[in-house]
Amino acid sequence: MGNYAKSEPTHYLQVALPTPLRRVFDYLPPKSGIDFLRPGIRLKVPFGPRKLIGILIAITAKTDIPLANLKRVEQVLDEQPIIPKDILELCRWVAHYYHYSLGETLGTATPTALRQGRPVAQQTRKLWRLTYPNAEAPSHIARNAKLQLAAWQLLKQHLKGLHEPMLKSLGVSNQTLSALEKKGEAECIYENLPTLHTMPQSILHEAPLTLNPEQAHVVQQILQTAQQFQVFLLQGITGSGKTEVYLQLIEQTLKAGRQALVLIPEIGLTPQTLHRFEQRFAVPIAVIHSGLNDNERYLAWQKAVDYRVGIIIGTRSAVFTPLAKPGLIIIDEEHDASYKQQDSLRYSARDIAIYRARQANIPIVLGSATPSLESVHNAQTHRYRHLHLSQRAGQAKPPSIELLNIRGETLQAGLSPALQQKITQHLEKGQQVLIFINRRGYAPTLLCHECGWVADCPDCDAHLTIHRQPPHLHCHHCDYQQSIPVRCGHCNTASLFPVGAGTERIEDFLLSQFDPIPIIRIDRDSTRGKTRLQELFSDIHQGKPAILVGTQMLAKGHHFPKVTLVAILDADSGLFSTDFRGLERLGQLVTQVAGRAGRGKLAGEVIIQTHHPESPVLNRLVTEGYEVFAKTLLAEREKLSLPPYSYLGLFRVECKNQEEGERLLLQLRELISQFLQYNNLNGPLGVTLLGPLPAPMEKRQSWYRWQLLISSPSRQPLHTAITFAIHQLEGGTQAMIKLARKVRWSVDIDPQDMM
DNA sequence: AGCACGCCGACT
DNA sequence: GTCGGCGTGCTC
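Residues numbered from 1 in each chain as written. Chains lettered and ligands numbered in written order. Predicted model: local features only at pLDDT ≥ 70, side-chain atom pairs only at ≥ 80, totals over all residues. Heavy atoms only, no water.

Going by the annotation in an unreviewed UniProt entry, the name recorded for chain A is Replication restart protein PriA, with Zooshikella harenae given as the source organism. Quoted verbatim from the Subunit (unreviewed entry) field of UniProt, the annotation for chain A is "Component of the replication restart primosome." (UniProt positions renumbered as here; feature names shortened; annotations may be inferred.)

Looking at the overall build of chain A
Along its length, chain A carries 23 helices and 30 strands. Whereas a compact globule of 755 residues would reach a radius of gyration of roughly 27 Å, chain A reaches 30 Å, a difference of no more than 12%. Within chain A, the fraction of its 755 residues that count as buried is 51%. Of the contacts formed within chain A by residues at least 6 apart in sequence, a portion of 76% connects residues at least 24 apart. Here chain A has roughly 35600 Å² of accessible surface; of this, 52% comes from carbon and sulfur atoms. Considering chain A, the positive charge centre built from 82 side chains and the negative charge centre built from 68 side chains are found 6 Å apart. (Helix = DSSP H or I, 4+ residues; strand = E, 2+ residues; numbered from the N terminus. Rg over C-alpha atoms; globule rule 2.2 N^0.38 Å. Buried < 20%, exposed > 50% of the residue type's maximum accessible area, 1.4 Å probe, protein only. Contact = heavy atoms within 4.5 Å. Areas by Shrake-Rupley, 256 points an atom, 1.4 Å probe, with all protein chains shown as cover. Lys, Arg positive; Asp, Glu negative; His and termini not counted. Charge placed at Lys NZ, Arg CZ, Asp CG, Glu CD.)

Focus: helix H7 (residues 174-182)
All of the buried residues in H7 are Thr176, Leu177, Ala179 and Leu180. Along the long axis of H7, the arc covered by the buried residues comes to 160 degrees, so they all point the same way. Pointing more than 90 degrees away from the buried face of H7 are the exposed residues Gln175 and Lys182. Looking at the packing, one finds that the buried side of H7 touches strand E6 (124-130), helix H5 (146-157), helix H6 (164-169) and strand E8 (186-192). (Arc of directions from axis to C-beta.)

Thoughts on the environment of threonine 315
Mapped onto the elements, threonine 315 comes out in the loop between strand E12 (311-314) and strand E13 (326-332). With a relative accessible area of 7%, threonine 315 lands in the buried category. Excluding its chain neighbours within four sequence positions, the residues that come into contact with threonine 315 are Leu263, Ile264, Pro265, Glu266, Ile288, His289 and Ser290.

Quick notes on the protein's contact with DNA strand B
Looking at DNA strand B, the residues that line it are Pro20, Pro49 and Arg50. Among the atoms of DNA strand B lying within 4 Å of the protein, the sugar-phosphate backbone contributes 57%. (Near = heavy atom within 4 Å.)

Things to note about the nonpolar core
Among the nonpolar cores identified, the biggest contains 83 residues, and Leu106, Ile364, Phe651, Leu668 and Ile672 are the most heavily contacted of them. Aside from chain neighbours lying at most four places away, what touches leucine 106 is Ala16, Ile55, Ile57, Ile83, Leu88 and Cys91. (Core = buried A, V, L, I, M, F, W, Y, C linked by side-chain atoms within 4.5 Å.)

Brief notes about the sheet that holds strand E5 (residues 75-76)
Ordered in space as E2-E1-E4-E3-E5, the 5 strands form an open sheet in which the pairing is antiparallel. Strand pairing shows two members of the sheet lacking a second neighbour, strand E2 (25-27) and E5, which therefore form its edges. Here 2 bridges tie strand E3 (residues 42-47) to E5, and the two strands are oriented antiparallel to one another. What sits directly across from leucine 43, in E5, is valine 76. (Pairing = 2+ DSSP bridges.)

Thoughts on the pairing of strand E25 (residues 563-568)
The buried count for E25 comes to 6 of 6 residues, which makes it a mostly enclosed element. In this sheet, E25 lies alongside strand E17 (residues 432-436) in parallel orientation, the contact comprising 5 bridges. Bridging across to E25, leucine 434 finds its partner in valine 566. Bridging between E25 and strand E26 (residues 605-610) involves 4 bridges; their strand directions are parallel. Among the inter-strand pairings, alanine 567 is bridged to a residue of E26, identified as isoleucine 607.

What about the pattern of salt bridges?
By the definition in use, this model includes 29 salt bridges. With a closest N to O distance of 3.8 Å, arginine 439 and aspartate 570 form a salt bridge. Here arginine 439 is found in the loop between E17 and strand E18 (445-448), whereas its partner aspartate 570 is found in the loop between E25 and helix H17 (572-575), with 131 residues between them in sequence. Connected via shared salt-bridge partners are Glu206, Glu244, Arg276 and Arg280. (Salt bridge = Lys/Arg side-chain N within 4 Å of Asp/Glu carboxyl O.)

Here we look at the UniProt feature "binding site: Zn(2+) 1" (unreviewed entry) in chain A
The UniProt feature table records "binding site: Zn(2+) 1" (unreviewed entry) at Cys448, Cys451, Cys488 and Cys491. In sequence the annotated residues extend across 44 residues, while in space they remain close, none of their C-alpha pairs exceeding 8.6 Å. Setting aside anything within four residues of it in sequence, one finds cysteine 448 in contact with Trp453, Cys488, Cys491, Thr493, Ser495 and Leu496. Examined against the element boundaries, cysteine 491 turns out to sit in the loop between strand E21 (481-482) and strand E22 (496-499).

Concerning the protein's contact with DNA strand C
In the vicinity of DNA strand C lie 14 residues, with Asp26, Tyr27, Gly48, Ile65 and Lys71 positioned nearest. The contact atoms of DNA strand C, taken as those within 4 Å of the protein, divide so that sugar and phosphate hold 53%. Between aspartate 26 and DNA strand C, the recorded distance is 2.7 Å, taken from a backbone N or O atom to a sugar or linking oxygen. For DNA strand C, a phosphate oxygen lies 3.2 Å from a polar atom in the side chain of arginine 741. At the level of secondary structure, the elements contributing two or more residues to the surface near DNA strand C comprise E2, E3 and helix H23 (734-742). Tallying contributions element by element places E2 first for the surface near DNA strand C, with 3 residues. Grouping the amino acids of the surface near DNA strand C by side-chain chemistry returns 7 nonpolar, 2 polar and 5 charged. (Polar contact = N/O pair within 3.5 Å; in protein donor to acceptor, adjacent residues only side chain to side chain. Nonpolar A, V, L, I, M, F, W, Y, C, P; charged D, E, K, R; others polar.)

Structural notes on unusual backbone geometry
The peptide bond linking glutamine 469 to proline 470 adopts the cis configuration, its omega dihedral lying at -5 degrees. Within the element layout of this structure, proline 470 appears in the loop between strand E19 (465-468) and strand E20 (471-474). Cis geometry is found at the peptide bond from proline 643 to proline 644, where omega equals 5 degrees. For alanine 413, which is not glycine, the phi dihedral falls at a positive 50 degrees. The phi dihedral of asparagine 680 is positive, around 55 degrees, even though this residue is not glycine. Residue placement: asparagine 680 occurs in the loop between helix H21 (658-678) and strand E28 (688-700).

Here's the deal with the sheet that holds strand E30 (residues 744-749)
Taking strand neighbours across the sheet as the criterion, the 4 strands line up as E28-E29-E27-E30 in an open arrangement whose pairing is antiparallel. Two strands bound the open sheet, and with one partner strand each, they are E28 and E30. Adjacent strand axes in the sheet meet at a mean angle of 20 degrees, parallel and antiparallel pairs treated alike. Pairing of E28 with strand E29 (residues 703-712) involves 7 bridges; the strand directions are antiparallel. Bridging from a neighbouring strand, arginine 700 pairs with tryptophan 703 of E29. The strands that helix H22 (residues 715-731) touches are strand E27 (647-655), E29 and E30; relative to E27, the one it contacts most, it runs at about 20 degrees. (Axes fitted to C-alpha atoms, helices over the stretch in contact; angles between N-to-C directions.)

Overview of the packing of aromatic side chains
The tally for this structure, following the rule as stated, stands at 9 aromatic pairs. Consider the rings of phenylalanine 651 and tryptophan 745, whose centres lie 6.4 Å apart with planes at 40 degrees: the pair is tilted. Of this pair, phenylalanine 651 sits in strand E27 while tryptophan 745 sits in strand E30, placing them 94 residues apart in sequence. Per residue, the accessibility class of phenylalanine 651 equals that of tryptophan 745, and both read buried. Each member of the aromatic cluster is reached from another via a ring pair, and the members are Trp93, Tyr97, Tyr98 and Tyr355. (Phe/Tyr/Trp six-rings, centres within 6.5 Å; stacked < 30°, edge-to-face > 60°.)

Here it is in structure tokens:
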């Protein structure tokens, strides 16, 4: 026994690897031992027939794997943890909460460059200085070498050294510098980029604006708890100056020597917003958005950990940016759907941010004019502090909102006669009009008048959208495209015509109807190209009478001071959504779009076309505003035990073979059901199962989609049930594993929509 | 997810 | 004869 005991290893390394398998893998320590190994370093390990780079999670004294099966770590890539302790801890929680592989979670959270095993780059810059700082004059420079003498004088005035770019801008060329170096007069050194510790601490470029009493109160409330964790729901109507509140909170954070992380929706970071941050702050800012390449992303990450930036502004994925000195987190437009990732790791950046704030014991501000029902509920139950900004800055007045009955009305390109009249009125006063429709293209359907045939996508359960610019049929769900047929695909008669209206058709109609008023269309098609959107916006800002037609894009964050009339053409689609969040979204959309009207000195008017002007919930929104509306919806949700009064988990399955998905979920449902019964987790107050149901669009991109919804009034049993279900899919009966391997399945915790 | 292994169809 | 199709199994 003694002999064998001696050869037993005393330590094992738990490694997270980039594989979808939801577990960590144990390895034997490298020959060099474990002395310098810390969680968060990268290790190269053999994995089956290949080599992978993983992250060391823990060093343990035990393993469940037979010694004979254990392999040895091949290479240690880092001396210092490349993933800071708090981020590692965060990722462990995220992987656990979303039931995802830790290795792949770390992959989502860190820049690709790190995962490839690239060494950590020291961020340095080149500094030139005099070799003999005490010399009164250069000893080796000829008297006629004027440039070199000038350079020497310059360096003499800056004995600490000057950076190469700076020298260039002062007119010193590389040639001059290398001449000085050759003569031993100057030398260049590499220094690490300065951190904010060593930087001269002027924080502001320009003075902050004066806050109105309401803003000042909000800032003061938040600063009072600035030293500890607290979630603030900052509900501020459009134009109430949320951004200025953010800026002043950030200013105080920077003054305290800490960093601020600011999350913004995917298309929320306009050049204007960024400009405003850069104008205000003298402190370096890192911007993290989808347009960055790997290397830029990596540099931004590195600057944040090294405390070389004071502010990090980014979209969803920026929530994983490590901070050297966390001080404040801001989530702007917290209700925005883009905070929820809709594939692979289906995380909510807002929820992860709240976890981070708790972890770092710092305040977090969720800002929105139209907060999500979840957040409103959390505010009502005092888990969040609810703060309000209800005054519009400047002279701007709140717009009037009217529900326009279009029942029985003849619509032209979706516009009722009454709306057309209104448009004329506003244009005649020299003002601008904004028309909102959530449908791009010319028309959503091509219909045969003879037989009723409709042009459908061959790969999706969806109609093809007609586009005119350029003319083609397009599937908005899978990108399938074809030319516009002349004859019906069924009866071959030439009586095809477009039904319904999208942005292009409305644009056409308005052009003919309101000539010569310019029509500016803003949707994904019209804004292709980097500067196109900016060009369109600058046209609008000229302030001449014009009609803007656009999709969602128009609802977000832009100022249009000359717009006095805003129309929503198809509010009804939100009233009858299959998704229980349809009404919430409609309310947010209406409020956000209405916020575009009358932000200048002129009063705004909002027209909502609907077939249901009597709808109590719409009326509540219009007459009493978003917050009362939200409370009405919350009461409704409570009755139906829907979120936030229950928690949801969704099993999604995609399969090529229509019935396989349903079969898998049926079996899974049966197993979960037994499990719940056995553990007394069922019953009306326990975990309930709904499905399998086909997804609202059953076929998409040639994949059939099925789902099984699991719901529970408390989180714990929901997660227990999901953990159990995943065990069945990954390691249950042979038949189950086999079926599960044939399809693509995934889990969505806190799903945002059932699409 | 990868990647190897393995067992059946049309090809130089 | 063999190249390669993707079903099946495994990864510490």
